[in-house]
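# Reading the structure
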Amino acid sequence: MIIKVLGSAAGGGFPQWNCNCRNCVAVRSGAPGFKARTQSSLAVSRDGESWVLLNASPDLRQQIAHTPELHANPKSGPRHSPIKAVVLTNGDVDHMAGLINLREAQPLSVYGTQRVLSVIADNSVFNVLAEPLVPRIQLPLDQPTPLSGAGVDLGLTVEAFAVPGKVALYLEDASAGDDFGTQEGDTIGLKISDPATKKSVFYIPGCATIDETLARRLKGASLVFFDGTLFTDDEMVEQGLMPKTGGRMGHINMSGAVGSIAAFSKLGVGRLIYVHINNSNPALDENSAARKSIEGAGWEVGYDGLEVRL
Ligand SMILES: [Zn+2]
């Protein structure tokens, strides 16, 4: 299985268009130790020819341009794409808006939970991906589903599972109390498996906390791509960017007693890679104390173009 990080940043990307935080200023000026990053997406393939995207970011056009494996193959006719399917983990703009880039009457499949597919159904602009050319396939929870699209079996399965999280910001219901109307299926993690080799990768770009159920599921996994939005819960508040904590946004932070580094320290995972990294995160600075503490704990900080083979 080949896994490519198309985009390693959280919503807004790095730098973010309207942001003057110290990281965004540094990366714009070309300071050493800072890499620009596009928004959150992975591509996975068994054979290197047919690919599934895990989330479709608003930067997808640029990501395809920078990834030769995703280019149209001239030997395959006047119109072609190696992208046969897209799996969505939630209704966030940074995970879904890129679907619009996949119009032009190209067959592929779109997978999501009933909650996420209902967001697509409610927004008529997504009808540019017209059925039956682009079927929308509902993913059950906790059940491996074979991935296919455009008449091609990808030779992989996807298992969706609910993770602690929050409904997308633009869907919040302020009258619904502390959880803003969040329901099961609003935020999922994915386990992509190759039944032939029995190898699997987990992809969890949004997660509010690692509870017992999630810890049990991830224990002993060989490879996990995980939510690296924030280093500390209040870093956006502290930097004067926004009055919201990670907890309020549905994202666990990396550091501290209840952070992801501590939670994973007991799980025996083979390789841990942060993705969905917000531009406020001090670990984006390769020379920072935050970066050193992450790497010292055995984690990697994902970057655009990172490729892993399982
Ligand atoms: Zn910024």
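Structure shown above.
The structure reproduced in this document is the subject of the present report. Keep in mind that what you see is a predicted model, and the values were worked out from it rather than measured.

### Considerations on the overall build of the protein chain
Counting its secondary structure elements, the protein chain contains nine helices and 14 strands. Rg of the C-alpha trace for the protein chain: 18 Å, near the compact-globule value of 19 Å for 310 residues, within the 12% margin. A principal-axis box enclosing the C-alpha atoms of the protein chain has dimensions of 50 × 45 × 40 Å. The contacts in the protein chain between residues at least 6 apart in sequence include a share of 69% that link residues at least 24 apart. For the protein chain, the accessible area works out to roughly 13400 Å², and carbon and sulfur atoms hold 52% of it. In the protein chain, 27 positive and 32 negative side-chain charges are present, and the distance between their average locations comes to 6 Å.

### Regarding the pairing of strand E10 (residues 199-204)
By the criterion of burial, E10 is predominantly enclosed, with five of the six residues buried. Inspection of the sheet shows strand E9 (residues 188-194) paired to E10 by five bridges, in the antiparallel sense. Note that in E10 the partner of Lys-191 across the bridge is Phe-202. Linkage of E9 to E10, two consecutive antiparallel strands, is achieved through a turn of four residues, within which Lys-198 is found at a positive phi near 65°. Two strands pair when backbone bridges link them, and E10 and strand E11 (residues 223-227) are joined in this way by three bridges, in the parallel orientation. Each bridged residue has a counterpart across the sheet, and for Phe-202 the counterpart in E11 is Val-224. A crossover connection joins E10 to the parallel E11 through helix H5 (residues 212-218); in handedness this β-α-β unit is right-handed.

### Focus on the coordination of the zinc ion
Looking at the zinc ion, one finds its protein donor set to be Cys-19 (SG), Cys-21 (SG), Cys-24 (SG) and Asn-279 (OD1), positioned 2.2 to 2.5 Å from the metal centre. Classification of the site at the zinc ion rests on its four donor atoms, whose angles at the metal span 104 to 117°, yielding the label tetrahedral. Each donor residue of the zinc ion belongs to the same chain, with the gaps between them written as C-x1-C-x2-C-x254-N. With Cys-21 in the loop between strand E1 (2-7) and helix H1 (22-28) and Asn-279 in the loop between strand E12 (271-275) and helix H9 (289-296), the pair connects residues that are 258 residues apart, well separated along the chain. The pair Cys-21 / Asn-279 is uniform in exposure class, with both members buried.

### Focus on the packing of aromatic side chains
Considering all chains together, one arrives at five aromatic pairs under this definition. Ring geometry for Phe-226 and Phe-264: centres 5.0 Å apart, planes at 70°, overall edge-to-face. In this pair, Phe-226 is assigned in strand E11 and Phe-264 in helix H8 (residues 260-264), connecting sequence segments 38 residues apart. Of the two residues, Phe-226 and Phe-264, both sit in the buried class. Here a set of aromatic residues connected by ring pairs shows up, and it is made of Phe-226, Phe-264, Tyr-274 and Trp-299. Directly above the aromatic system of Tyr-303 lies the positively charged group of Lys-35, at a separation of 5.3 Å from the ring centroid.

### Some points on the side chain of Ser-260
As for its placement among the helices and strands, Ser-260 is situated in helix H8. What makes Ser-260 buried here is its relative accessible area of 0%. Of the polar contacts made by the side chain of Ser-260, one reaches the side chain of Tyr-274; its length is 2.7 Å. The residues contacting Ser-260, other than those within four sequence positions of it, are Ile-210, Phe-226, Ile-252, Asn-253, Met-254, Tyr-274 and Trp-299.

### Quick word on the nonpolar core
Counting 37 residues, the largest nonpolar core has Val-224, Phe-226, Phe-264 and Ile-294 as the members making the most contacts within it. The set of elements that each furnish at least two residues to this core consists of H1, E10, H5, E11, H8, E12, H9 and strand E13 (299-301). Residues in contact with Ile-294, not counting those within four places in the same chain, are Phe-231, Met-254, Ile-261, Tyr-274, Ala-283, Trp-299 and Val-301. With 27 residues, the next largest nonpolar core counts Ile-3, Val-44, Val-158 and Val-275 among its residues.

### Some thoughts on the sheet that holds strand E7 (residues 145-149)
The strand order across the open sheet formed by seven strands is E7-E8-E9-E10-E11-E12-E13, and the pairing between neighbours is mixed. In the strand order of this sheet, the two ends are held by E7 and E13, each with one partner. In this sheet, adjacent strand axes meet at a mean angle of 30° when their direction is disregarded. Relative to E12, E11 is paired through five bridges, and the arrangement is parallel.

### Notes on the sheet that holds strand E2 (residues 41-45)
Taken together, the seven strands give an open sheet; going across it, the order is E6-E5-E4-E3-E2-E1-E14, and neighbouring strands pair in mixed fashion. Each end of this open sheet is capped by a strand with a single partner; those strands are strand E6 (136-138) and strand E14 (307-309). Across the sheet, the mean angle from the axis of one strand to that of its neighbour is 25°, orientation sign disregarded. Against the sheet, helix H4 (residues 114-122) makes contact with strand E5 (109-112) and E6, and its axis sits at roughly 155° relative to E6, the strand it touches most.

Reading the values: rules and limits
- Residues numbered from 1 in each chain as written.
- Predicted model: local features only at pLDDT ≥ 70, side-chain atom pairs only at ≥ 80, totals over all residues.
- Heavy atoms only, no water.
- Helix = DSSP H or I, 4+ residues; strand = E, 2+ residues; numbered from the N terminus.
- Rg over C-alpha atoms; globule rule 2.2 N^0.38 Å.
- Contact = heavy atoms within 4.5 Å.
- Areas by Shrake-Rupley, 256 points an atom, 1.4 Å probe, with all protein chains shown as cover.
- Lys, Arg positive; Asp, Glu negative; His and termini not counted.
- Charge placed at Lys NZ, Arg CZ, Asp CG, Glu CD.
- Buried < 20%, exposed > 50% of the residue type's maximum accessible area, 1.4 Å probe, protein only.
- Pairing = 2+ DSSP bridges.
- Right-handed = clockwise from strand over helix to strand, strands pointing away.
- Donors = N, O, S within 2.8 Å, 3.2 Å for Na, K, Ca; no water.
- Tetrahedral: all angles 85-135°; square planar, octahedral: opposite > 155°, others 65-115°.
- Phe/Tyr/Trp six-rings, centres within 6.5 Å; stacked < 30°, edge-to-face > 60°.
- Lys NZ or Arg CZ within 6 Å of the ring centre and 35° of its normal.
- Polar contact = N/O pair within 3.5 Å; in protein donor to acceptor, adjacent residues only side chain to side chain.
- Core = buried A, V, L, I, M, F, W, Y, C linked by side-chain atoms within 4.5 Å.
- Axes fitted to C-alpha atoms, helices over the stretch in contact; angles between N-to-C directions.

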